[in-house]
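This is what each chain is made of:
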Amino acid sequence: QVQLVESGGGSVQAGGSLSLSCAASGSIVGINSMSWYRQAPGKQRELVADIDSDDTTTYADSVKGRFTISRGNAKSKVYLQLNSLKPEDTAVYYCKAVLWAKYNYWGQGTQVTVSS
């Protein structure tokens, strides 16, 4: 099993920046990929960015060039740098880890609010 704890959300004005962190504990040696998702009120949860065990990254088109996903040296932490934030980036951001290529684990979420 894996436990995930996110931190770093908050409120910022449009054009500002935030940094999110997600720390994994438990069976971290089995983690393949880690991702950030977000869910805005009344909308489905969507993938924001993903990073594989070989550090290959994938981004949603809506955040390309503005957000950056990275992993710590121990591969047990994943970060999301959010730049040039827009009001439409407002959502609860969730960290996800895939264990042994088949088990999904989620964090509790952290709120990001961008005001215009």
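Preceding this section is the structure that the text describes.
The present account deals with the structure reproduced in this document. By convention here, each chain's residues receive numbers from 1 onward along its written sequence. Where local features are concerned, this predicted model is filtered to residues with pLDDT of at least 70; where side-chain atom pairs are given and counted, the filter is 80 or more; whole-chain, interface and lining totals use all residues. Side-chain numbers come from the whole structure's heavy atoms, not from hydrogens or water.

## Here we look at the environment of G8
Okay, step 1: Position of G8 among the secondary structure elements: in the loop between β1 (2–7) and β2 (10–13).
Okay, step 2: The rule is simple: take the accessible area with a 1.4 Å probe, protein chains only, and divide by the maximum for that residue type; under 20% is buried, over 50% is exposed, in between is partly exposed. Judged by relative accessible area, G8 falls into the partly exposed class, the value being 36%.
Okay, step 3: C-alpha of G8 to C-alpha of S35: the two residues are 27 residues apart in sequence and 16 Å apart in space.
Okay, step 4: Whether two residues are in contact is decided by their heavy atoms: any pair within 4.5 Å suffices. Among residues more than four places away in sequence, those in contact with G8 are L18, S19, L20 and T110. Here a strand is any run of E in DSSP of at least two residues, a helix any run of H or I of at least four, and the numbering for each starts at the N terminus.

## Some details on the environment of G65
Okay, step 1: You can see G65 is positioned in the loop between β6 (57–59) and β7 (67–71).
Okay, step 2: The class of G65 is exposed, set by a relative accessible area of 85%.
Okay, step 3: In this structure, the C-alpha to C-alpha distance between G65 and L82, residues 17 residues apart in sequence, is 9.8 Å.

## Considering the side chain of R38
Okay, step 1: Turning to its location among the elements, R38 is positioned in strand β4 (residues 31–39).
Okay, step 2: In this structure R38 comes out as buried when scored by relative accessible area, which is 6%.
Okay, step 3: Polar contacts here mean pairs of N or O atoms no more than 3.5 Å apart (in protein, one a potential hydrogen donor and the other a potential acceptor; neighbouring residues in sequence count only if both atoms are side-chain atoms). For R38, the side chain forms a polar contact with the side chain of S62, separated by 3.4 Å.

## A few points about the sheet that holds β1
Okay, step 1: Paired strands are those between which DSSP finds at least two bridges. Taken in spatial order, the 4 strands make up an open sheet running β1-β3-β8-β7, and their pairing is antiparallel. Across the chains shown, the open sheet's two edge strands, defined by having one partner strand only, are β1 and β7. Pairwise comparison of adjacent strand axes, ignoring direction, gives a mean angle of 15° for this sheet. Comment: axis = line fitted to C-alpha atoms, over the contacting stretch for helices; angle = value between 0 and 180 degrees taken between N-to-C directions.

## A word on the pairing of strand β5 (residues 46–51)
Okay, step 1: Across 5 bridges, the pairing between β4 and β5 is antiparallel. The partner of R38 across the bridge, within β5, is E46.
Okay, step 2: The turn joining β4 and β5, which pair antiparallel and follow one another in sequence, is formed by 6 residues; a positive phi near 75° is taken by G42.
Okay, step 3: Here β5 pairs with β6 via 3 bridges, running antiparallel.

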